[in-house]
Amino acid sequence: WKEDGLSLVEVSVAKSRSATKKGDAGVFASSTAKSVSSPKLPGGSFRPKQSLGQNFMIDANTIQKIIRAFDKDATETIYRKTNTKSMGEPQVAINDERPGIRAVELGPGTGALTGPLIAAFGIDDLQCIEIDPRSIQMLHETFPKLRVTLKDAIHVDYQALAKQERGPLSIIGNIPYYITTQILFSLADASHTGSIRSATVTMQWEVAQRIVAPTSCKDYGILSVVFQLYADCVLHFKIPRTVFYPQPKVDSALVGLRFIGPEQLRKRLCGLTPAQLRRVLTCIFQQRRKTVRNSLKIFVQELCGGDTEAAHMVLSSKPLPLSPSVIQAREEGDEVAMQQELPLDWSSLRPEQLSPGQIVEIARLVYSRSKELVDGDINDVGRKEISSKEQPLGNKVWGKMKQGS
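Residues numbered from 1 in each chain as written. Predicted model: local features only at pLDDT ≥ 70, side-chain atom pairs only at ≥ 80, totals over all residues. Heavy atoms only, no water.

## A look at the overall build of the protein
Then, number 1: Scanning the protein for helices and strands turns up 16 helices and 13 strands.
Then, number 2: Across the 405 residues of the protein, 53% fall into the buried class.
Then, number 3: Total accessible area on the protein stands at roughly 18300 Å², and carbon and sulfur atoms take up 49% of it. (Helix = DSSP H or I, 4+ residues; strand = E, 2+ residues; numbered from the N terminus. Buried < 20%, exposed > 50% of the residue type's maximum accessible area, 1.4 Å probe, protein only. Areas by Shrake-Rupley, 256 points an atom, 1.4 Å probe, with all protein chains shown as cover.)

## Some words on helix 12 (residues 308–315)
Since there are 3.6 residues in each turn of an α-helix, residues three or four apart along the chain are aligned in direction.
Then, number 1: Of all the positions in helix 12, only Ala310, Ala311, Val314 and Leu315 are classed as buried. Seen along its axis, helix 12 keeps its buried residues to an arc of 135°; they face one direction. Exposed positions of helix 12 whose direction lies more than 90 degrees from the buried face are Glu309 and His312.
Then, number 2: Buried-residue contacts for helix 12 involve helix 11 (292–303) and helix 15 (356–375).
Then, number 3: One side-chain oxygen at the N-terminal end of helix 12 lies 3.0 Å from the backbone nitrogen of Glu309; it belongs to Asp307. (Arc of directions from axis to C-beta. Contact = heavy atoms within 4.5 Å. Polar contact = N/O pair within 3.5 Å; in protein donor to acceptor, adjacent residues only side chain to side chain.)

## Notes on the confidence of the model for the protein
Then, number 1: Of all residues in the protein, 76% attain a pLDDT of 70 or more, and the chain-wide mean is 82.
Then, number 2: Per-residue pLDDT stays below 50 along residues 29–33; that stretch engages in seven contacts with residues further than four places along the chain or on separate chains. (pLDDT = per-residue confidence, 0-100.)

## Describing the sheet that holds strand 10 (residues 196–204)
Then, number 1: Pairing is mixed across the open sheet formed by seven strands, whose spatial order is 8-7-6-9-10-13-11. Whereas interior strands pair on both sides, the edge strands pair on one side only; in this sheet they are strand 8 (147–150) and strand 11 (231–239). For this sheet, the mean inter-axis angle between neighbouring strands, taken without regard to orientation, is 20°.
Then, number 2: Most of the contacts of helix 4 (residues 133–142) go to strand 8, to which it runs at about 165°, and overall it touches strand 7 (126–130) and strand 8. (Pairing = 2+ DSSP bridges. Axes fitted to C-alpha atoms, helices over the stretch in contact; angles between N-to-C directions.)

## Points about the packing of helix 10 (residues 274–285) against helix 15
Then, number 1: Contact geometry for helix 10 and helix 15: axes closest at 10 Å, N-to-C directions at 105°. The angle between helix 10 and helix 15 places the two elements in the roughly perpendicular class. Of the residues in helix 15, those in contact with Gln276, Leu277, Arg279, Val280, Leu281, Ile284 and Phe285 of helix 10 are Ile359, Val360, Ile362, Ala363 and Tyr367.
Then, number 2: Residue composition of the contact of helix 10 with helix 15, grouped by class: 10 nonpolar, one polar and one charged. (Parallel < 35°, antiparallel > 145°, perpendicular 65-115°, else oblique. Nonpolar A, V, L, I, M, F, W, Y, C, P; charged D, E, K, R; others polar.)

## Description of helix 4
Then, number 1: All of the buried residues in helix 4 are Ser135, Ile136, Met138 and Leu139. Within helix 4, the buried residues cover an arc of 165° as seen down the axis, which keeps them to one side. Residues Pro133, Gln137 and Glu141 are exposed on helix 4 and point more than 90 degrees away from its buried face.

## Section: the side chain of Glu105
Then, number 1: Examined against the element boundaries, Glu105 turns out to sit in strand 6 (residues 103–106).
Then, number 2: In contact with Glu105, not counting residues within four places along its chain, are Leu113, Thr114, Leu117, Leu126, Gln127, Cys128, Ile129 and Ile172.

## Considerations on the nonpolar core
Then, number 1: Residues Phe227 and Leu296 are the most contacted members of the largest nonpolar core, which totals 81 residues.
Then, number 2: In this structure, Ile101, Ala120, Phe143 and Ile239 belong to the second largest nonpolar core, which totals 29 residues. (Core = buried A, V, L, I, M, F, W, Y, C linked by side-chain atoms within 4.5 Å.)

## What about the pairing of strand 9 (residues 169–174)?
Then, number 1: Strand 9 sits mainly inside the fold: six of its six residues count as buried.
Then, number 2: Side-chain alternation along strand 9 places Leu169, Ile171 and Gly173 on one buried face and Ser170, Ile172 and Asn174 on a second face that is also buried.
Then, number 3: Bridging between strand 6 and strand 9 involves four bridges; their strand directions are parallel. When the bridges of strand 9 are listed, Val104 appears paired with Ile171.
Then, number 4: Bridging between strand 9 and strand 10 involves six bridges; their strand directions are parallel. Among the inter-strand pairings, Asn174 is bridged to a residue of strand 10, identified as Thr202.
Then, number 5: For the segment spanning strand 9, helix 6 (residues 180–190) and strand 10, crossover handedness is right-handed. (Right-handed = clockwise from strand over helix to strand, strands pointing away.)

The following block contains the structure:
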């Protein structure tokens, strides 16, 4: 994934390699009030491997804040209000699911987060994915009953893992900078099947800013659109480089992604598939200095079978009426839906001026109008609300095809 003037590949390994209040989080706040002691790094031949992007966390206060934020992210996605308009309504588990957190730690390393996670949630509800055999040996010596799998984090089959654990997973991890976006996109794909409930991960500060970026700023791009559509995104706090060993050359951040789930995602996409959204996103953000009309011209001509006049008509079309699901979401105060209506001059705008919801509307318009002009039929994508059970989302859309299985 690359954008014109804004690379989505973090600082390479070769080159460099708001805290929640006490009592806000459920399990952590109630199950343990103990302070976390600073982890001790192993001696001898166990040295961080630059090839694996290892930067071990060594600060107890930061670890405690991460565990508390993870608990809040996971808990917030277990429960939803029965009525978003009535804040006093009791909370109920989604789909009557048994309450509980199935935690998966990516890249536990020396176990800096692992010990506090076990103390807060129990060893039975935690498992780890680790690529370094040295770390696995150390974790087994320290926590004999801990489940640890030797695997690259970008090749995890989250759907199979969720099925094995009998429910959606909550991800936590201090992940390497150089594979951050690959992991994030694989989690987005996994959310299509409801396999991932939440993710609380460290990442480069600049990448975190892109995820939560508002429109009309240089940080706003593909990461912003995808994750603001797929999840409620929270930048918990900035993490100084001094809490890691070895120290990276950049600051980090802890970001929480509270995925909205496949049913809500289908409603947000209004009949679009994620693959269709990706095509439009690729076109407009690879040429982010151009207007939408110019960046989509060739793509729309392809949709219209090479008919330039039809393509011109598509790109001059008035916005489609908002779908019933979007209208309902606006009534319920959904932030994405509130900013979804397209202006009449949409094609003369640049991509960073468009909200995630407006980009969905552009994709709906492009696909539906092209289909209508070519076939003489009205396409389901633009005019008909497709039920959540009918619309497939796809297994591998955002991540590289080699990821997962």
